[in-house]
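The residues making up each chain are set out below.
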Amino acid sequence: MDLAARLLRALTDPAPEDAEFRPSPHDLAQLSDEELGTLTPAAYSASGLPTSHLRIMVQDEYKGRRSRYTPDACRRLFDTLVTGLDTRKWADLTLGASALVRCTGPWPDVAVQARTLVTFLMDGERTDQAFALLAIAGLAGDDLVAAVAERLRRDDPGPIRLEEIDTLTRLTTAERLLATELAHSLSRTPIPDVWERLSEVGPYIEFARRALEVAAARARAIQTGEIPYRADGAFTTGEVGALGRAARLALHRDEPWLPSLFDTLLLDIAVAPTRAKTLPSQALLYEIARAAQDFPTPELVTAIRTVRRTARHAGVPKQLDKMLKKIDAALAERTDVALRLPGLGFGPDGTLRRPLGEHTAVVTVAGKAELAFEKDGTVLKGVPAAVRRDHKDEVKELRDLVKRVGAQIATLVRAVEGGYTVDATHPFGRWRDTLVNHPIAGPAVRRLIWEIEVAPGEWRSVLPEAGALPDAAGDAPVRLWHPLRSDPDTVRAWRDLLVDRRIRQPFKQAFREIYLLTPAEEETGTYSNRFAAHLVHYRRLFALFRARGWTSRLLGPWDGGDADEAARTLAAGEWRIRLSHVLADWEGEEPIAGTGRVRFARRVGGAWRDAPLADVPPLVFSEAMRDVDLFVGVTSIATDDMWEDGEAHAYWVREWYADPAESTRTRRDALERVLPRTKIADRCSTDGRYLTVRGRLRTYKIHLRSANVVMEPDDAFLCIIPERRKAAPGRVFLPFEEELLSLILSKAFLLAADDEITDESILLQIKRGA
């Protein structure tokens with residue numbers, strides 16, 4: 001009996017053995033959308049059976065993804081919703097509407113059930129599913145739609161909310177069912193093209209613009225005193241929800257009028273018209289920020305950052321900071337708009353100049369945005385006293401501008417790098433004009449290697465910072481170069497050029513690690529043990545999951561908190577990687593986790609299906625495994641000072657002698673290019689996993705994975721606490737920014753001149769065995 005059949009039996013007519021049947025969430029993820037839709041009516045009605053735990057599991061699964069329903073499954077679901085109404089006193093109309101939207105054939109006739117459900121809920125004053133009530137009422141008749149609308153108007157008198165209800169009544173039944181997908185009470189994943197389909201619903205598009213314009217006008221009237229100010233009272237709860245939906249639709253459509261509206265609306269709702277530290281509508285501010293998480297644009301991100309600096313309420317900046325992290329991550333995935341940066345008044349050379357009395361403020365964008373001051377053409381150190389005294393506001397504004405530009409560049413870089421797994425391409429003309437030659441984006445974009453399709457199937461790589469662009473048609477595809485698509489000689493040539501010309505890339509590209517399928521992984525087939533059995537600092541690991549866009553439950557000493565699978569979707573949602581990990585030790589100061597297998601799954605018919613590793617596109621596989629290597633490399637306890645005993649000590653020793661990981665080999669490659677150009681070149685050599693440094697007192701081996709140091713001849717451990725402000729000598733050029741690489745170089749310079757060390761704690765260790 002297959003999984004779907006056994007679940008259906010357990011939910012409708014359970015056998016004795018079904019009471020102990022506990023499929024994992026991963027098992028349920030293997031169900032197709034149609035199978036899940038077939039199970040949904042049974043799961044909804046299985047309350048009280050010995051297999052109620054399965055009902056909850058199936059419900060969680062269909063809430064988390066897009067089920068599909070046959071017409072018969074839709075009919076059975078509506079019958080189930082009606083059954084037991086007197087006992088439950090409630091029915092999930094949103095689920096019913098969702099089923100019809102996802103129906104695989106003609107809708108069944110459920111007019112009688114629809115009228116029964118809506119009338120029952122209306123009589124019981126249960127109007128919390130407003131969108132679904134209107135949509136399901138439409139299945140029974142226009143008279144019921146009118147009655148529901150009249151009742152809903154009494155719940156929230158906000159004019160914007162009232163207009164949304166009126167707009168919904170003018171839609172067709174199919175359009176109202178589609179709109180139900182947007183309701184905030186909907187906890188299920190919307191269908192993939194819901195916003196595309198709503199973008200064709202003229203009445204709702206018109207409502208969205210009117211609603212946002214009315215909101216902006218009201219907020220402005222509060223600021224001018226035409227409307228009395230009341231803290232967080234500018235909009236009703238229903239209006240905030242309606243405006244959130246309007247904002248999402250306008251953001252999805254990327255309406256040209258939206259940026260200027262948000263610039264004024266957000267400022268007007270974030271600051272009180274008085275000196276109070278309250279604000280006109282904290283609720284709407286956060287709702288628009290949540291809309292930005294769904295459909296971010298560079299302009300809205302800039303507007304939110306401006307509000308974050310302006311708001312007087314102490315809690316607002318902290319909350320917006322949390323939301324901005326999610327917004328930035330989402331913008332990086334929305335590559336069609338993420339690469340669109342405003343010029344902000346910068347000239348073609350990436351410079352903005354502003355006169356301040358006898359001085360001139362100059363903001364430049366090179367590797368990063370920087371603010372300097374000039375007088376008579378001479379660059380000054382620091383802020384001149386006259387500027388500090390007479391132009392405080394202008395200086396604050398310019399410093400804020402530097403931060404904003406820095407954030408925009410960081411978001412752009414993240415978006416460009418995120419395009420790897422979707423194999424993003426850009427038309428040559430647009431790429432050249434809006435990226436390469438952009439005053440803010442240009443410096444970062446020009447330091448990356450790109451490929452241009454100059455003829456069908458013929459890609460030419462180019463580094464704009466180092467040479468002219470080739471002639472190409474305006475619509476010729478341009479993509480980011482990746483070492484996986486190049487031969488080793490080409491990769492070495494690009495690495496040499498970067499070091500020779502001292503070009504530091506905004507992220508690892510020429511020195512990027514690549515991960516190819518190994519014979520062991522070909523043998524295991526559907527999973528990889530490449531990064532299994534590592535002991536890692538769990539809190540650091542969990543923080544990295546969040547930073548890199550992975551999802552994972554927090555582990556801890558509670559029921560079910562001993563293990564989890566962290567996951568990340570890649571390639572525009574087509575692939576998913578999972579890393580299993582367990583809680584190994586919760587008793588110490590820092591909890592320790594153990595890493596397990598890596599698996600890949602492909603989305604097939606809406607469900608995740610485990611895939612053989614050989615089927616994963618090489619670029620997706622490489623980028624995903626690069627993340628896992630990062631997790632292990634940064635959080636492994638092998639990067640700590642030596643562990644003295646137990647399992648942790650055995651692991652520490654094992655990792656010290658382990659074969660170099662891909663990230664270690666890349667780090668070694670960079671060192672072999674950088675060190676010959678330094679004054680300690682004759683004292684250093686690389687050997688597999690170590691950088692050997694010959695000091696005047698002793699010889700040292702610096703581990704290239706952990707930066708830990710041992711001394712020859714007895715491999716005694718040398719503890720060096722790094723100075724965080726001075727990771728590596730400033731004169732040493734590094735082709736990419738990496739804290740561990742800088743730390744290794746810093747230790748190499750220190751130990752090469754070990755006879756000049758003045759730190760007694762280090763000297764005592766060196767002399768003890770010399």
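Structure's up top.
A.B. asks: How would you explain the overall build of the protein if you had to name every residue and give the values?
C.D. replies: Helix and strand counts for the protein stand at 32 helices and 19 strands. The C-alpha radius of gyration computed for the protein amounts to 30 Å, which stays within 12% of the reference 27 Å derived for 770 residues, consistent with globular compactness. Reported as C-alpha extents along the three principal axes, the dimensions of the protein are approximately 95 × 75 × 55 Å. Within the span of the protein, comprising 770 residues, buried residues form 53% of the whole. Pairs at least 24 apart in sequence give 67% of the contacts found in the protein among residues at least 6 apart. Accessible surface for the protein amounts to roughly 34500 Å². Of this, 51% is attributable to carbon and sulfur atoms. Averaging the positions of the 107 positive and the 113 negative side-chain charges in the protein gives two centres separated by 4 Å.

A.B. asks: If you had to explain helix α1 (residues 3–12) to someone new, which residues and values would you point to?
C.D. replies: Where α1 is concerned, the buried positions are A4, L7, A10 and L11. Burial along α1 is one-sided: seen end-on, the buried residues are contained in an arc of 130 degrees.

A.B. asks: Describe the sheet that holds strand β4 (residues 378–380), naming the residues involved and giving the relevant values.
C.D. replies: Here four strands make up an open sheet; going across it, the order is β1-β2-β3-β4 and the pairing antiparallel. Two strands in the sheet have a free side with no partner beyond their single neighbour: β1 (351–356) and β4. Sheet twist, expressed as the mean angle between neighbouring strand axes with direction ignored, is 35 degrees. Here strand β2 (residues 359–365) runs beside strand β3 (residues 369–375); their pairing, made up of six bridges, is antiparallel. Paired with T364 across the two strands is E370, which belongs to β3. Here helix α22 (residues 392–418) sits on the sheet and contacts β1, β2 and β3; the angle it forms with β3, its principal contact strand, is near 145 degrees.

A.B. asks: An account of the sheet that holds strand β8 (residues 477–480) is requested, with residue identities and associated values reported.
C.D. replies: Read from one edge to the other, the open sheet built from four strands follows the order β5-β8-β6-β7, with strand pairing classed as antiparallel. With partners counted over all chains shown, the strands left at the sheet margins are β5 (425–427) and β7 (458–462), one partner each. Going across the sheet, the axis of each strand differs from the next one's by a mean of 35 degrees, ignoring polarity. Sheet analysis places β5 next to β8, joined by three bridges and oriented antiparallel.

What counts, and at which threshold
Residues numbered from 1 in each chain as written. Predicted model: local features only at pLDDT ≥ 70, side-chain atom pairs only at ≥ 80, totals over all residues. Heavy atoms only, no water. Helix = DSSP H or I, 4+ residues; strand = E, 2+ residues; numbered from the N terminus. Rg over C-alpha atoms; globule rule 2.2 N^0.38 Å. Buried < 20%, exposed > 50% of the residue type's maximum accessible area, 1.4 Å probe, protein only. Contact = heavy atoms within 4.5 Å. Areas by Shrake-Rupley, 256 points an atom, 1.4 Å probe, with all protein chains shown as cover. Lys, Arg positive; Asp, Glu negative; His and termini not counted. Charge placed at Lys NZ, Arg CZ, Asp CG, Glu CD. Arc of directions from axis to C-beta. Pairing = 2+ DSSP bridges. Axes fitted to C-alpha atoms, helices over the stretch in contact; angles between N-to-C directions.

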